[in-house]
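Letter by letter, the chains look like this.
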Amino acid sequence: MDRDGGVSAPAPSLWRDRNFLTMWGGQALSQFGAQIVELALPVLAVLLLHATEAQVGYLNAAAMAAFLVVGLPAGAWIDRMRKRHVMIWADAVRALALAAVPARDAAARRSRLLGAERLPPARRPVAVGAVLVRTTGWLPARIVAVRPTTSHARILTLDVPGWPGNDPGQHLVIRLTAEDGYQAERSYSIASSGPGKRVELAVDTVPDGEVSPFLVEIAEVGDALEVKGPLGAYFVWHETDSDPVQLIAGGSGIVPLLAMARAHDRSGSTTPFRLLYSVRSAADALYRDEILDLGRHSLDLTWAYTRSAPEGWPDPVGRLTPERVAAATWSPAQHPLTFICGPTRFVEAAADAMVAAGHDPARVRTERFGG
Ligand SMILES: Cc1cc2nc3c(=O)[nH]c(=O)nc-3n(C[C@H](O)[C@H](O)[C@H](O)COP(=O)(O)OP(=O)(O)OC[C@H]3O[C@@H](n4cnc5c(N)ncnc54)[C@H](O)[C@@H]3O)c2cc1C
């Protein structure tokens, strides 16, 4: 009954009011999203970015600070505006900002370099999906060719836009970045030299190593990585040098020395070049066919086998001795420039042998690969 004693019509239900339903639906959706964000952002920060407890605390504090710093003055200002428009715009901007997170993640996955599905779990930290990260000094590179050179070593050709070219003997650093941010960097000598953006490397597997088994067994054409270089100005041969050159390589230490022998052959230089290459067996020699070929034109070549030699091999099998080094290298009287490269102990033994034979230590240049 109303005051006049008439019967009033029941108030229309809010659930039939289109404006109310729109606002209710919009607010419910907005609050649902806000609650997910409240829960999801710290979880993402911890799981993907490995944020510490303190960093998660700062993240939450930053969210509260926005209310205090922006919310109060903005409230007074917004009071003069049409509320509906403000609410719609604020929610739309918030939705766009949040959508940027999965969109950015999807883009990163698309640019993934070293597909996780091809990686054995033991090596996931390095190669779970290295992503391209541009940093000053680092150049993006892509593998354009791979071929085996022994059963445990592989030649990789990289395309490196922006590569400035390199001298024979220089090296570069490779960087792999996993999706979780873990990075691994290793140095590799460059088998190629001269101008151009193609760079050739040869990587030998170090058993139980982190990066070399990945590069030898898993990396594929099309995979991308980063490189920094060329590096090293000391362990370099220049075509203008006319002194005889003595190269002494152990295992994968042949790579920078091959770059020098190739450059020497290519230039038609008459500088005498000599190589003493120590390997476990003929099958373990990197670039064996090419080295044999160079040995027929421009290189005085001596093989030293430490485990097994081809049948009928006249020389002893075993580690290099000072006597064997002296017999297979230029004499000090010829004043050669010597380059020695390989595992650390090999390099030290060979350098000691050269100095003991009477070579000027300042003319004996070394590059240690580790081990
Ligand atoms: C200037 C420079 C140039 C190099 N050029 C080449 C190259 O052209 N080709 C190439 O195959 N390697 C090269 N190396 C070695 C390369 O940088 C890595 O050390 C090698 O690939 C092993 O890396 P990894 O991650 O597989 O092993 P890691 O996980 O780093 O090491 C695993 C284990 O192997 C030992 N180890 C590391 N390196 C060697 C090694 N070289 N020999 C024996 N044991 C080792 C470590 O002490 C460790 O115990 C170069 C190194 C330097 C410093």
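Look up a bit, the structure's there.
Quick look at the structure, then.

Criteria and thresholds
- Residues numbered from 1 in each chain as written.
- Predicted model: local features only at pLDDT ≥ 70, side-chain atom pairs only at ≥ 80, totals over all residues.
- Heavy atoms only, no water.
- Salt bridge = Lys/Arg side-chain N within 4 Å of Asp/Glu carboxyl O.
- Helix = DSSP H or I, 4+ residues; strand = E, 2+ residues; numbered from the N terminus.
- Buried < 20%, exposed > 50% of the residue type's maximum accessible area, 1.4 Å probe, protein only.
- Axes fitted to C-alpha atoms, helices over the stretch in contact; angles between N-to-C directions.
- Parallel < 35°, antiparallel > 145°, perpendicular 65-115°, else oblique.
- Left-handed = near helix turned anticlockwise from the far one by under 90°.
- Contact = heavy atoms within 4.5 Å.
- Expected span 1.5 Å × (residues − 1).
- Core = buried A, V, L, I, M, F, W, Y, C linked by side-chain atoms within 4.5 Å.
- Domains from an automatic or database assignment.
- Pairing = 2+ DSSP bridges.

Let's shift gears to the pattern of salt bridges. Per the stated rule, a full pass over the model turns up ten salt bridges. We note a salt bridge from Arg186 to Glu210, for which the minimum N-O separation is 3.0 Å. Here the residue Arg186 occupies a position in strand S4 (residues 183-189), and Glu210 occupies one in the loop between strand S5 (198-204) and helix H5 (212-218), the gap between them amounting to 24 residues. For Glu348, the salt bridge identified is with Arg368, shortest N-O distance 3.2 Å. With Glu348 in helix H9 (residues 344-356) and Arg368 in strand S11 (residues 364-368), this pair connects stretches of sequence that are 20 residues apart. Relative accessible area serves as the criterion here: at 35%, Glu348 is assigned to the partly exposed category.

With that out of the way, let us pick up the packing of helix H6 (residues 254-267) against helix H7 (residues 288-297). Contact geometry of H6 with H7 gives a least axis separation of 11 Å together with a crossing angle of 40°. When the axis of H6 is compared with that of H7, the two are oblique. When the axes of H6 and H7 are compared, the crossing they make is left-handed. Contacts between H6 and H7 involve Ile254, Leu258, Ala261, Arg262 and Asp265 on the former and, on the latter, Glu290, Ile291, Leu294 and His297.

Each full turn of the α-helix corresponds to 3.6 residues, which orients residues three or four apart in the same direction. The end-to-end C-alpha distance of H9 is 18 Å, a good match for the 18 Å that 13 residues give at a rise of 1.5 Å each. Listing the buried residues of H9 in full gives Thr344, Phe346, Val347, Ala350, Ala351, Ala353 and Met354. Gly358 sits one or two positions beyond H9 and adopts a positive phi of about 110°.

This next bit is on the nonpolar core. Within the largest apolar cluster, 32 residues are counted, with the highest numbers of intra-cluster contacts made by Leu247, Ile254, Tyr277 and Phe339. Put simply, the parts of the chain that give this core at least two residues each are strand S2 (153-159), strand S7 (245-250), H6, strand S8 (273-279), H7, strand S9 (300-305) and strand S10 (337-342). Here the element with the most residues in this core is H6; it accounts for seven residues. For this core, the domains that each give at least three residues are domain 2 (116-231) and domain 3 (245-368). Discounting chain neighbours no more than four positions away, the residues touching Tyr277 are Ala249, Gly250, Gly251, Ile254, Ala285, Leu286, Ile291, Thr302, Trp303 and Ala304. The next biggest cluster of nonpolar side chains, apart from the first, holds 23 residues, and it includes Leu172, Tyr188, Val199 and Ala219.

With that settled, the discussion passes to the sheet that holds strand S3 (residues 171-177). In space, the six strands of this open sheet follow the order S4-S3-S6-S1-S2-S5, with antiparallel pairing throughout. Both edges of this open sheet fall to S4 and S5, since each of them pairs with a single strand only. Strand-to-strand twist in this sheet, taken as the mean axis angle between neighbours without regard to direction, amounts to 40°. Strand direction decides the pairing type here: S3 and S4, joined by seven bridges, are antiparallel. Counted as the bridge partner of Thr177 is Gln183 from S4.

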